[in-house]
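Here is how the chains run, residue by residue.
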Amino acid sequence: RKEVEQDPGPFNVPEGATVAFNCTYSNSASQSFFWYRQDCRKEPKLLMSVYSSGNEDGRFTAQLNRASQYISLLIRDSKLSDSATYLCAVNPQGSSYKLIFGSGTRLLVRP
Amino acid sequence: EAGVVQSPRYKIIEKKQPVAFWCNPISGHNTLYWYRQNLGQGPELLIRYENEEAVDDSQLPKDRFSAERLKGVDSTLKIQPAELGDSAVYLCASSYQGQQYNEQFFGPGTRLTVL
């Protein structure tokens, strides 16, 4: 089993839709969690850090579920420009600065 | 504020040739990372530096890969000799140690093609 797993998608949604991705992790002692956005042939860009209490940034909401060992990303009112691959990253216990990335979930927002 | 700088952006070489990648992190960031990203996968850590010390190189194929960060600022990753399977995007990232959530910021990467 991979340490961090994501549904590869693609998720194909119309503009204005709400879409949610999950990311599961295997190490129950994982400390911190992130969502990155990666456009085609570009570098990953930090979208959000995921706090224990959950956090929101505009149309984006991130949640952490420690009991079930997953993080989620909710995008409301999808825009064409949200089309990208969304990578989750997890910092496992015992390595304060190492990130394990999932393979990403591809989102396509259509007009 | 300037982001992470990497060069070259693209490199095409024949197998068995050497290749080197350069990275300059965000000013003030003392931790530097080299990742490799294969098509359709997330980045995988190769090596992490805290200042000039390599503190995690467990994923670095040491028979052909080497890295250095002599003055604790910019860094070079080298492959010698390159193999076909080394074709990938090599990403450099940096962060500031002491930050609560260790947010890492990536450079644009070097896309390596080995023929």
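Residues numbered from 1 in each chain as written. Chains lettered and ligands numbered in written order. Predicted model: local features only at pLDDT ≥ 70, side-chain atom pairs only at ≥ 80, totals over all residues. Heavy atoms only, no water.

(A) Region of the structure containing the interface of chain B and chain A. Taken residue by residue, the interface counts 24 residues in chain B and 19 residues in chain A. In total, about 1,900 Å² of surface goes out of reach between chain B and chain A, with carbon and sulfur atoms giving 52% of it. If you look at where chain B meets chain A, you find zero salt bridges. The tally of links between chain B and chain A comes to four residue pairs in polar contact (both at pLDDT 80 or more). (Contact = heavy atoms within 4.5 Å. Buried area = accessible area lost by both parts, 1.4 Å probe. Salt bridge = Lys/Arg side-chain N within 4 Å of Asp/Glu carboxyl O. Polar contact = N/O pair within 3.5 Å; in protein donor to acceptor, adjacent residues only side chain to side chain.)

(B) Summary view of the state of the cysteines. Tallied over the entire structure, the rule returns two disulfides over all chains. In this model C23(A) forms its disulfide with C88(A); the gap between the sulfur atoms is 1.8 Å. Between C23(A) and C88(A), the disulfide has an S-S torsion of 60 degrees and is therefore right-handed. Remark: C88(A) occurs in strand β9 (residues 84-91) and C23(A) occurs in strand β3 (residues 19-25); sequence separation between them is 65 residues. Across the pair, C88(A) and C23(A) agree in class, each one buried. A sulfur-sulfur separation of 1.9 Å characterises the disulfide bridge that pairs C23(B) with C92(B). Measuring the twist about the S-S bond at about -70 degrees, one finds the C23(B)-C92(B) disulfide to be left-handed. Highlighted residues: C23(B) in strand β3 (residues 19-24) and C92(B) in strand β9 (residues 88-95), separated in sequence by 69 residues. Each member of the pair, C23(B) as well as C92(B), is classed as buried. Here C40(A) stays unpaired: no disulfide links it, and the sulfur of C88(A), its closest cysteine neighbor, is 20 Å away. Relative accessible area serves as the criterion here: at 70%, C40(A) is assigned to the exposed category. (Disulfide = S-S within 2.5 Å. Helix = DSSP H or I, 4+ residues; strand = E, 2+ residues; numbered from the N terminus. Buried < 20%, exposed > 50% of the residue type's maximum accessible area, 1.4 Å probe, protein only.)

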